[in-house]
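Observations on the three-dimensional arrangement
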Amino acid sequence: MAIARLSQSEIETALADLSGWALREDGLAILKAFRFADFSEAFAFMSRVALEAEKTDHHPEWFNVYNRVDVTLTTHDAGGISARDLAMAAAMERFAR
Ligand SMILES: C[C@H](O)[C@H](O)[C@H]1CNC2=NC(N)=NC(=O)C2=N1
């Protein structure tokens, strides 16, 4: 299903409100390195995100070691960043709080 890729200015505006998120060098994804107190906290975060991902059919690429969760969000169907990535990033911010 096709979904629109956001413009560069739409992405920059959104990133200004997303603390710690950055544009990947190729401009096709957004990234954040989350840090938690320990593995238990990191995995609790990942569990919440997993439920949200299933609910919204939008899934993160991520890498976890102990208390670290490195996240990449992109929309394959759009070939870049869509509103779905911003919505997921905002949800992750709520879950990490
Ligand atoms: C068929 C299914 O709806 C698609 O493959 C969904 C699943 N989850 C997804 N997750 C992400 N991050 N991007 C997508 O384009 C995407 N597409």
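Anything mentioned here points back to the structure above.
Let us look at the structure shown here. Only a predicted model underlies this, so the values are computations on that prediction, with no experimental measurement involved.

1. Quick word on the nonpolar core
- Ranked by size, the top nonpolar core spans 24 residues in total, and within it W21, I30, F34, F45, V69, L73 and M92 carry the most contacts.
- When residues of this core are traced back to their parent elements, those giving at least two are α1 (8–16), β2 (30–35), α2 (39–56), β4 (68–73) and α3 (83–96).
- With six residues, α3 is the largest single contributor of residues to this core.
- Discounting residues that sit within four places of it in the chain, W21 has contacts with L15, I30, L31, K32, F34, V71, L73, A89, M92 and E93.

2. So, the site of the ligand
- Near the ligand, the surroundings consist of D57, H58, H59, T74, T75, H76 and D77.
- The separation between a nitrogen atom of the ligand and a polar main-chain atom of H59 is 2.8 Å.
- Between the ligand and T74, the relevant distance is 2.9 Å, taken from a nitrogen atom to a main-chain nitrogen or oxygen of the residue.
- Its residues assigned to classes, the shell around the ligand shows no nonpolar, five polar and two charged.

The rules behind the values
- Residues numbered from 1 in each chain as written.
- Predicted model: local features only at pLDDT ≥ 70, side-chain atom pairs only at ≥ 80, totals over all residues.
- Heavy atoms only, no water.
- Core = buried A, V, L, I, M, F, W, Y, C linked by side-chain atoms within 4.5 Å.
- Buried < 20%, exposed > 50% of the residue type's maximum accessible area, 1.4 Å probe, protein only.
- Helix = DSSP H or I, 4+ residues; strand = E, 2+ residues; numbered from the N terminus.
- Contact = heavy atoms within 4.5 Å.
- Near = heavy atom within 4 Å.
- Polar contact = N/O pair within 3.5 Å; in protein donor to acceptor, adjacent residues only side chain to side chain.
- Nonpolar A, V, L, I, M, F, W, Y, C, P; charged D, E, K, R; others polar.

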